[in-house]
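Commentary on secondary and tertiary structure
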Amino acid sequence: MKSLKELFRIGHGPSSSHTMGPFRAAELFLERHPEAATFEVTLFGSLAATGRGHFTDTAITTVFGENRTRIIWVPERCLPAHPNGMLFTALDEKGGFLDKWQVFSIGGGAISEDGRQENTPELYPYATMEEMLSLCDERGNHLWHLVENAEGTDWLAECIAVMFNTLKTGLTREGVLPGGLRLVRKAREVFLKARNQRKEIRRTGLLSAYAYAVAEENASLGTIVTAPTCGSSGVLPAVLYHLKQSYRCTDVELRRALAVAGLVGNVVK
């Protein structure tokens, strides 16, 4: 199995494939050509068909600057390698060609030049829960030991910090979410009502409010952690935050819990 860092990626919502991937690609292209005066970005296939709703253009112009970016939408053409194709072009002050780069957003925030999953190292020499549990039984270890031994868990602290910051922000926000559906935020209302309920109902209400808070920030182009996508980014933060608030779990315990969740997610992936 691959590193959990490919499962838990920090970036902007609302879509890992249509927002986070293009944002990352734009950052890399800007690093290559900081001297460019303007940029043209052609979006193909699915990125062009649903990109406005997922704020693909906003993600790209946030990196390059709105005044020096031209977005070209080509929904009727899908590049052979992958439905989420992009062509970045850098131009000089006179509109002269500097460079171009064809790249694909392949899901989960990952990008690829050939439309295929990156050939990254296999850090975990097993692919099923049965294998992992047998190894832990044999060695007298917990599941989180597998992550600790393969890649450490300290980096998960940053993931948890982002999750909690986003959750807390979401609990303070009110109003309408961006986009054409005009959906009203629910997290704060659910949170305030849940605090005054009896224990059994309060627990469910708080968990729901926490998950809504992250999901609504994701819908508002907020910073989230894919778990494993932007759309499912609210559940793990809600559970971890509840464990910290209601059961006083330590930071070490939360990192270990997220590590175990990552292993399960990797098996499913």
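Cut-offs used in this document
- Residues numbered from 1 in each chain as written.
- Predicted model: local features only at pLDDT ≥ 70, side-chain atom pairs only at ≥ 80, totals over all residues.
- Heavy atoms only, no water.
- Salt bridge = Lys/Arg side-chain N within 4 Å of Asp/Glu carboxyl O.
- Helix = DSSP H or I, 4+ residues; strand = E, 2+ residues; numbered from the N terminus.
- Buried < 20%, exposed > 50% of the residue type's maximum accessible area, 1.4 Å probe, protein only.
- Pairing = 2+ DSSP bridges.
- Axes fitted to C-alpha atoms, helices over the stretch in contact; angles between N-to-C directions.
- Contact = heavy atoms within 4.5 Å.

Topic: the pattern of salt bridges
Under the criterion given, the structure shown has 11 salt bridges. One salt bridge connects Glu27 with Arg24, and the closest N-O pair in it is separated by 3.5 Å. Note that Glu27 and Arg24 are positioned in helix α1 (residues 16–32) at a spacing of 3 residues, about one turn of the helix. Arg24 gets classed as partly exposed once you look at its relative accessible area, which sits at 36%. Asp154 is the salt-bridge partner of Arg255, the closest N and O atoms lying 3.9 Å from each other. Of this pair, Arg255 sits in helix α10 (residues 251–268) while Asp154 sits in the loop between α5 (143–151) and α6 (156–172), and the two are 101 residues apart along the sequence. Looking at Arg255, the relative accessible area reads 18%, which means it is buried. Overall, the relative accessible area of 61% leaves Asp154 in the exposed class. Put simply, Arg173, Arg185 and Glu217 are held in one network by salt bridges that share partners.

Quick notes on the sheet that holds strand β3 (residues 69–74)
A sheet is described by the order of its strands in space; here 5 strands give the open sequence β3-β2-β4-β5-β6, paired in mixed fashion. Each end of this open sheet is capped by a strand with a single partner; those strands are β3 and β6 (110–112). Pairwise comparison of adjacent strand axes, ignoring direction, gives a mean angle of 25 degrees for this sheet. Judged from the 6 bridges that link them, strand β2 (residues 38–44) and strand β4 (residues 85–91) form a sheet pairing that is antiparallel. Paired with Thr42 across the bridge in β4 is Leu87. Of the strands in this sheet, β2, β4, β5 (97–107) and β6 are in contact with α1, which crosses β5 at around 150 degrees. Along the sheet, helix α3 (residues 56–64) contacts β2, β3 and β4; its crossing angle with β3, the most-contacted strand, is approximately 155 degrees.

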